[in-house]
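Residue strings, one per chain:
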Amino acid sequence: MTDPTTYTPPAVWTWNKDNGGKFASINRPVAGPTHEKALPIGKHPLQLYSLGTPNGVKVTVMLEELLALGHAGAEYDAWLIRINEGAQFGSGFVEVNPNSKIPALLDRSGATPVRVFESGAILMYLAEKFQAFLPHDTAARAECLSWLFWQMGSAPFVGGGFGHFYAYAPIKIEYAIDRYAMETKRQLDVLDRRLAQTRFVSGDTYTIADMAIWPWYGLLARGELYGAGEFLQVQEYTNVQRWAEEIWQRPAVQRGRMVNRTTGDPSGQLHERHDARDFETRTADKLAAN
């Protein structure tokens, strides 16, 4: 690999498959499927194809919250998409999400299946479908959506920026880590200042804005992303800490965090979810014991 202190970009960039890094085997500069593979279909109208990353957790939390409210139509099958193995490039997945990113949702409740991709779009779709967690008042709705899209626009600097260069890049580049650490802390400060004024992100009511933001910034504040809690001094953001803990205490959030999760304590990993009883009977530790 070229020394970053001496590298000069060429006139024309070319793809080097041996560029190293944790995701080098699946990253590529072209779209479309790499292999034929149909997606499985379960018994429920809502079919989720995902992984327990922050973007995936947004949607499983939303679905579990809807079920907790009594929306029986929000029952869902959650299928595990192992992105480190390139499952997102299967032909069936690309049909649901041409961008080959998790999560992807297929709603089969109507005469014609509806595909929804991008986590923010899925949250809005479900909120509108079930008339929940998205305010009806014009001003409150605008505030909620503003924070939802703040997350969608900001988190790539945390994940693809800070997280990549701090935790995953094959070499440590001081400039890149400094640049994205500064931006991540700025975003935490934005959120901390907001939460000094309100109980939840968009006001006094729990909404899809919280569901979108918590898996990134709440888990970061809890020291559960990239092993970077001390490095970023996350304990300084006291309002984010208060909010992160309150949301973590919600049972639906704890269930949603388990779905499609493949890391951590096996008792907290539910690789696939097809029924509410799966939380008690099909976690990774129980399957391994059988």
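Structure's up top.
Remember, it's a predicted structure, so these values are computed and weren't measured experimentally.

**Here we look at helix α9 (residues 251-258)**
What α9 keeps buried is the set Ala252, Val253, Gly256, Arg257 and Met258. Turning to α9, the residues buried within the fold contact α1 (54-68), α6 (208-221), α8 (238-248) and α10 (278-281). Positive backbone phi, approximately 65°, marks Asn260, located one or two places after α9.

**A closer look at unusual backbone geometry**
Here Ile102 and Pro103 are connected by a cis peptide whose omega angle stands at 0°. For Pro103, the position within the fold is in the loop between α2 (91-96) and β3 (104-107). The phi dihedral of Asn260 falls on the positive side, at around 65°, and the residue is not glycine. Locating Asn260 in the fold gives a position in the loop between α9 and α10. Its relative accessible area of 0% is what places Asn260 among the buried residues.

**Observations concerning the packing of α6 against α8**
Between α6 and α8, the shortest axis-to-axis distance is 9 Å and the interhelical angle comes to 115°. Remark: the crossing between α6 and α8 carries left-handed chirality. Contact residues: α6 offers Asp210, Ile213, Trp214, Tyr217, Gly218 and Ala221, while α8 offers Val240, Gln241, Trp243, Ala244, Ile247 and Trp248.

**Some details on the side chain of Gln151**
Looking at the element boundaries, Gln151 is found in helix α4 (residues 138-168). Under the relative-accessibility criterion, Gln151 is labelled buried at 1%. Apart from the residues within four sequence positions on either side, Gln151 is in contact with Asn55, Lys58, Pro156, Ala212, Ile213, Trp216 and Tyr217.

**Examining the nonpolar core**
With 64 residues, the main nonpolar core has Met62, Leu126, Leu191, Ile208, Tyr217 and Trp243 as its most contacted residues. Among the elements that make up this core, the one with the highest residue count is α6 (eleven residues). Excluding residues within four positions of it along the chain, Ile208 makes contact with Met62, Leu123, Met124, Ala127, Phe133, Leu134, Cys144 and Leu148. By size, the runner-up hydrophobic cluster in this structure holds eleven residues, among which are Leu39, Ile81, Ile102 and Ala104.

**A closer look at the pattern of salt bridges**
For the structure shown, the criterion picks out 16 salt bridges. Residues Glu236 and Lys185 are paired through a salt bridge, measuring 4.0 Å at the closest nitrogen-oxygen approach. Residue Glu236 is located in the loop between α7 (229-232) and α8, and its partner Lys185 is located in helix α5 (residues 174-195); the two are separated by 51 residues in the primary sequence. Given a relative accessible area of 48%, Glu236 falls into the partly exposed group. Close ionic contact of Glu224 with Arg257 constitutes a salt bridge, the shortest N to O distance being 2.9 Å. Highlighted residues: Glu224 in the loop between α6 and α7 and Arg257 in helix α9, separated in sequence by 33 residues. According to the relative accessible area criterion, Glu224 is partly exposed, its value standing at 31%. A relative accessible area of 9% means that Arg257 is categorised as buried.

Criteria and thresholds
Residues numbered from 1 in each chain as written. Predicted model: local features only at pLDDT ≥ 70, side-chain atom pairs only at ≥ 80, totals over all residues. Heavy atoms only, no water. Buried < 20%, exposed > 50% of the residue type's maximum accessible area, 1.4 Å probe, protein only. Helix = DSSP H or I, 4+ residues; strand = E, 2+ residues; numbered from the N terminus. Contact = heavy atoms within 4.5 Å. Axes fitted to C-alpha atoms, helices over the stretch in contact; angles between N-to-C directions. Left-handed = near helix turned anticlockwise from the far one by under 90°. Core = buried A, V, L, I, M, F, W, Y, C linked by side-chain atoms within 4.5 Å. Salt bridge = Lys/Arg side-chain N within 4 Å of Asp/Glu carboxyl O.

Take it as geometry only, folks, not as evidence of what the structure does.
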